[in-house]
Amino acid sequence: MFKTKKFNNKNYHINWYPKDNLDESFRYTVIDNLLTDRFRKKLQKHFNKSLKNNELVKFPHYECDVMNVNPWNKNPFDFVYSLEWKEFISNMFPDIPITDNVLCEIQHHEKNTPSGWIHNDFDASHFGYKPLKNGINPWDKNSEYRLQYPPDDKKGYIKNVRSIVLMYHLNDKPDWKEGDGGETAFYDEYSKEVDNHFMKINPVGNRLIVYEINPWSWHSFKANLKHKRTTVIMWYHTTFEDT
């Protein structure tokens, strides 16, 4: 259960990006100092232990290491699979009817990881069905989550579309400054020019970024030049009919 006492700050304001064309925009919010220092340190300790034990694997799409947040073993990160956490995120965009199908992972970028590429995350997603007792159905390597081709219906996959993403920066370095890199950058349109961003959000420790996913949510990871970057990333999903 995600208890309120783990929160340090629950206040947020929904912004539109870009503001000059709301028909081709997406909404986002940023919350600083989200969690209490005590709980954040507990998360960091658990992650550092996983990192030391080589529990992360190379991400297949760009340069970073990744681990799935285990939904079955009790650990400090399991709050992301609580109904309280789902409600907190869902209330930011109440017009998006999210399902109980979720994917949560931790991405770790070592210092001097190069920039990623510009993409919108607006993808079909596929789940097996093995829900927790509270009804949340986490992806846990039990299906081919992103498929290049339509799935075989015989596999019985649940087909959804990504609709909301959150990024929580677990960084040990709270003193980020301009020039350190590691930002999440946003763009007006698809491009191969990663530095041609319209806006960027800095990877300040204990910062939560949440934004809706649609055909215009173009974004990219910017190279982190000074510090490692550790980020909890979670996707919520919508049915094809409601997308």
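Up top is the structure.
Residues numbered from 1 in each chain as written. Predicted model: local features only at pLDDT ≥ 70, side-chain atom pairs only at ≥ 80, totals over all residues. Heavy atoms only, no water.

## Let's talk about the packing of aromatic side chains
Counting across every chain of the model gives 16 aromatic pairs. Their ring planes at 45 degrees and their centres at 5.4 Å tell us that Phe26 and Phe186 sit as a pair that is tilted. With a gap of 160 residues between them, Phe26 in strand β2 (residues 26–31) and Phe186 in strand β9 (residues 184–186) connect regions that are remote in the sequence. By relative accessible area, Phe26 is classed as buried at 0%. Within the aromatic cluster, the residues linked to one another by ring pairs are Phe7, Tyr12, Phe39, Phe79, Trp85 and Phe88. A cation sits over an aromatic face here: Lys130 above Trp72, 4.9 Å from the ring centre. For Arg162, the ring lying beneath its charged end belongs to Trp235, and the centroid distance is 4.2 Å. (Phe/Tyr/Trp six-rings, centres within 6.5 Å; stacked < 30°, edge-to-face > 60°. Helix = DSSP H or I, 4+ residues; strand = E, 2+ residues; numbered from the N terminus. Buried < 20%, exposed > 50% of the residue type's maximum accessible area, 1.4 Å probe, protein only. Lys NZ or Arg CZ within 6 Å of the ring centre and 35° of its normal.)

## Describing a positive patch on the surface
Side chains of Lys5, Arg38, Lys42 and Lys74 sit close together on the surface and give a patch of like positive charge. Relative to the helices and strands, Lys42 is located in helix α1 (residues 37–52). (Patch = residues over 30% accessible without salt bridge, like charges linked within 9 Å, V, L, I, M, F, W, Y side chains within 5 Å. Areas by Shrake-Rupley, 256 points an atom, 1.4 Å probe, with all protein chains shown as cover. Salt bridge = Lys/Arg side-chain N within 4 Å of Asp/Glu carboxyl O. Lys, Arg positive; Asp, Glu negative; His and termini not counted. Charge placed at Lys NZ, Arg CZ, Asp CG, Glu CD.)

## As for the environment of Asn112
With respect to the helices, strands and loops of the structure, Asn112 is situated in the loop between β5 (101–109) and β6 (124–127). Placed 112 residues apart in sequence, Asn112 and Asn224 show a C-alpha to C-alpha distance of 5.3 Å. Residue contacts for Asn112: discarding those within four places in its chain leaves Asn224 and Leu225. (Contact = heavy atoms within 4.5 Å.)

## Quick word on the nonpolar core
The nonpolar side chains of soluble globular proteins are, as a tendency, buried together. If you look at the biggest cluster of nonpolar residues, it comprises 35 residues, and the most contacted ones within it are Trp85 and Leu208. Counting only elements with at least two residues in this core, the list comes to α1, α2 (83–90), β5, β8 (158–169), β11 (208–212) and β13 (229–239). If we skip the residues at most four places from it in the chain, Leu208 touches Thr29, Val30, Ile31, Leu34, Trp85, Phe88, Met92, Leu166, Met167 and Tyr168. Formed by 17 residues, the second largest nonpolar core is a distinct cluster that contains Tyr145, Val165, Ile201 and Tyr211. (Core = buried A, V, L, I, M, F, W, Y, C linked by side-chain atoms within 4.5 Å.)

## Here's the deal with the layout of surface pockets
By volume, the largest pocket amounts to about 850 Å³. Counting residues per element, the ones that place at least two in the lining of the largest pocket are α1, β4 (65–68), β5, β8, β12 (219–221) and β13. Among the elements that make up the lining of the largest pocket, the one with the highest residue count is β5 (four residues). Its residues assigned to classes, the lining of the largest pocket shows 19 nonpolar, 13 polar and eight charged. (1 Å grid on protein atoms, 1.4 Å probe; cavity = no way out; pocket = protein on both sides within 12 Å on 5 of 7 lines; lining within 4 Å. Points joined across faces, edges and corners; volume = space filled by probe spheres on them. Nonpolar A, V, L, I, M, F, W, Y, C, P; charged D, E, K, R; others polar.)

## Section: the pairing of β4
Of the two faces of β4, the one lined by Asp65 and Met67 and the one lined by Val66 and Asn68 are each fully buried. With two bridges joining them, strand β3 (residues 57–58) and β4 adopt antiparallel strand pairing. Looking at the pairing, Lys58 lines up with Asp65 of β4. As paired strands, β4 and β5 are joined by four bridges and run antiparallel to one another. (Pairing = 2+ DSSP bridges.)

## Quick notes on α1
Helix length check: α1 (16 residues) gives 22 Å between terminal C-alpha atoms against 22 Å at 1.5 Å per residue, within 8%. Three or more residues of α1 are buried, namely Phe39, Arg40, Leu43, Gln44, Phe47 and Ser50. One side of α1 holds all its buried residues, which, seen down the axis, span an arc of 140 degrees. Projecting away from the buried face of α1 at angles above 90 degrees are the exposed residues Asp37, Arg38, Lys41, Lys42, Lys45, Lys49 and Lys52. Buried residues in α1 make contact with β4, β5, β8 and β13. (Expected span 1.5 Å × (residues − 1). Arc of directions from axis to C-beta.)

The values reported here are purely geometric and, on their own, carry no functional implication.
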